[in-house]
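These are the residues of each chain, in order.
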Amino acid sequence: MSTYQEPTYAVKLLQLVLLSTYWGMQIWVTFISSFVMDSHLNRHTYGFIQSHLVPFYLHLGSACAFFNLTIYAMYHPSDTLDDREAFQIFIFFLSVTIAAINAQWFGQMTSEIMADMHLIEQACGLGQDIGLSTNREAYAKLCETDVKYRHLSSRLWLYRLLSSLCNLCCIGCNFYSLCYMAENLIML
């Protein structure tokens, strides 16, 4: 149900709040909290927090992206779209799609694989070292000697890579959307 009328102040504010909330979460989770936790927490605590924080972040981001698309599409009927508005709808749609895939598939699989790996690591007395890059030799040796752990490790690497690519793509979509909104501001 699209409308030809100008959005109200409340609708504009909601759109801005949703976009800026998602952007802020992305920057915080991707570039700040991960590095702080990595340098101050042991592997299993870090993994435990990530397994609870990241799914919440991914689902909340998907919701923000969905509502951004919905609000924008409601106030930009398809028969009146110019090329830039159509591209903005495409960017919102891309963000929703990628965020949903990341939340429903990659993020979930990463958490499940990480939990399985933690059980194997605990059985071998590993996981209490601070930082993900410490004691690499022990984890490399575990990969060599335990086939299941090696398989889980390679799958975790793949799903983390795919999840990170999805996250970076959504960051790019939101950056474009923020630029688009800034470009269309009448006053500051």
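Each chain carries its own residue numbering, running from 1 in the written order of its sequence. Whole-chain, interface and lining totals are the exception, using all residues; otherwise, since this is a predicted model, local features are given only for residues with pLDDT of at least 70 and side-chain atom pairs are given and counted only at 80 or more. Values shown for side chains rest on all heavy atoms present in the structure; no hydrogens or waters enter the calculation.

**Q** For this particular structure, what's the right way to read the overall build of the protein chain?
**A** Secondary structure counts use DSSP, requiring at least four H or I residues in a row for a helix and at least two E residues in a row for a strand, with both numbered from the N terminus. Scanning the protein chain from terminus to terminus reveals five helices and zero strands. Reading the protein chain from its N end, one meets helices and strands in the order α-α-α-α-α. Every radius of gyration here is taken over C-alpha atoms, with the globule rule written as 2.2 Å times N^0.38, N being the number of residues. Compactness check: the protein chain gives a C-alpha radius of gyration of 20 Å against a globular reference of 16 Å for 188 residues, more than 25% above the reference. Counting every position in the protein chain, which comprises 188 residues, the buried fraction comes to 40%. Whether two residues are in contact is decided by their heavy atoms: any pair within 4.5 Å suffices. Within the protein chain, residue pairs in contact and separated by at least 24 positions form 81% of the contacts whose partners lie at least 6 positions apart. When the accessible area of the protein chain is evaluated, it comes to approximately 11,100 Å², of which 69% is carbon and sulfur surface. For the protein chain, the separation between the mean place of its 9 positive charges and that of its 14 negative charges on side chains is 11 Å. Between buried and exposed lies partly exposed: a residue is buried under 20% and exposed over 50% of the maximum accessible area for its type, with that area taken using a 1.4 Å probe on protein chains only. All accessible areas in this document rest on Shrake-Rupley with a 1.4 Å probe, and a residue is counted as covered only by the protein chains that are shown. His residues and chain termini do not enter the charge count, which takes Lys and Arg as positive and Asp and Glu as negative. To locate a charge, take NZ of a lysine, CZ of an arginine, CG of an aspartate or CD of a glutamate.

**Q** Help me out: how do you make sense of the pattern of salt bridges in this one?
**A** Any two side chains of opposite charge can pair if their charged atoms end up close together. What counts as a salt bridge is simple: a side-chain nitrogen of Lys or Arg found within 4 Å of a carboxyl oxygen of Asp or Glu. Tallying each qualifying case throughout the model produces three salt bridges. Of the charged contacts, one joins E6 and K12 as a salt bridge, the two residues approaching to 3.2 Å between their closest N and O atoms. Judged by its relative accessible area of 57%, E6 is exposed. You can call K12 partly exposed: its relative accessible area is 44%.

**Q** Is there a simple way to think about the environment of L152 in this case?
**A** Looking at where L152 falls in the secondary structure, it is placed in helix α5 (residues 147-183). A residue is classified by how much of its surface remains accessible, and L152, at 5% relative accessible area, is buried. Once the C-alpha coordinates of L152 and H52 are considered, the two residues, 100 residues apart in sequence, prove to be 19 Å apart.

**Q** Looking at this structure, how should I read the packing of aromatic side chains?
**A** Where two aromatic rings form a pair, the distance of their centres and the angle of their planes describe that pair. Pairing of aromatic rings covers Phe, Tyr and Trp, the last through its six-membered ring, and needs centres within 6.5 Å; plane angles under 30 degrees mean stacked, over 60 mean edge-to-face, and all others mean tilted. Summed over the entire model, instances satisfying the criterion amount to eight aromatic pairs. Residues Y72 and Y180 carry aromatic rings whose centres are separated by 6.0 Å and whose planes lie at 75° to one another, so their mutual orientation is edge-to-face. Of the two residues, Y72 is situated in helix α2 (residues 43-74) and Y180 in helix α5; the sequence distance between them amounts to 108 residues. Across the pair, exposure class does not vary: Y72 and Y180 are buried alike. A centroid spacing of 6.3 Å and a plane angle of 65° characterise the contact between W105 and Y159, whose relative ring orientation is edge-to-face. One end of the pair, W105, is in helix α3 (residues 83-123); the other, Y159, is in helix α5, and 54 residues separate them in sequence. For Y159, a relative accessible area of 11% corresponds to the buried category. By the ring-pair criterion, three or more aromatic residues cluster together here, those being Y72, F92 and Y180. One residue, R43, lies across the ring of Y139, its end atom 3.8 Å from the ring centre. Throughout this description, the term charge over a ring refers to an Arg CZ or Lys NZ atom that lies within 6 Å of the ring centre and within 35 degrees of the ring normal.

**Q** Help me understand the packing of helix α1 (residues 9-40) against α5, please; the structure alone is not making it clear to me.
**A** The axes of two packed helices give the description: the angle between them and the distance between them. Here, axes are lines fitted to C-alpha atoms. For helices the fit covers the stretch in contact, and angles between N-to-C directions go from 0 to 180 degrees. Viewed as axis vectors pointing N to C, α1 and α5 meet at an angle of 140°, and their least axial separation amounts to 10 Å. Between α1 and α5, the angle falls in the class oblique. Between α1 and α5 lies a crossing whose hand is left-handed. Along the contact surface, α1 presents Q15, L16, L19, Y22, W23, Q26, T30 and F31, while α5 presents N167, L168, C170, I171, N174, F175, S177, L178 and M181. Basically, the charged four are Asp, Glu, Lys and Arg, the nonpolar ten are Ala, Val, Leu, Ile, Met, Phe, Trp, Tyr, Cys and Pro, and anything else, Gly included, counts as polar. Residue composition of the contact of α1 with α5, by class: 11 nonpolar, six polar and no charged. Every angle not falling under 35 degrees, over 145, or within 65 to 115 is termed oblique; those three ranges are roughly parallel, roughly antiparallel and roughly perpendicular. If you view the pair so one helix is near and one far, a crossing is left-handed when the near helix is turned anticlockwise from the far one by less than a right angle, and right-handed when it is turned clockwise.

**Q** Before we go on, may I ask you to explain the environment of E112 in this structure?
**A** Mapped onto the elements of the fold, E112 is located in helix α3. Whenever two N or O atoms come within 3.5 Å, that pair is a polar contact, provided that in protein one can donate a hydrogen and the other can accept it, and provided that, for residues adjacent in sequence, both atoms are side-chain atoms. Only 2.8 Å separates the side chain of E112 from the side chain of Q108, close enough to count as a polar contact.

**Q** How should α1 be read in this particular structure?
**A** Note on helix geometry: an α-helix contains 3.6 residues per turn, so any two residues three or four positions apart are oriented the same way. Here α1 spans 43 Å end to end across 32 residues, near enough to the 46 Å set by a 1.5 Å rise per residue. At V29, α1 shows its strongest bend, of approximately 40°. Against the buried residues of α1 lie α2, α3 and α5. Helices are assigned an expected span. That span is 1.5 Å times one less than the residue count. Note on bend: at a given residue it equals the angle between the axes fitted to the 7 residues ending there and to the 7 starting there.

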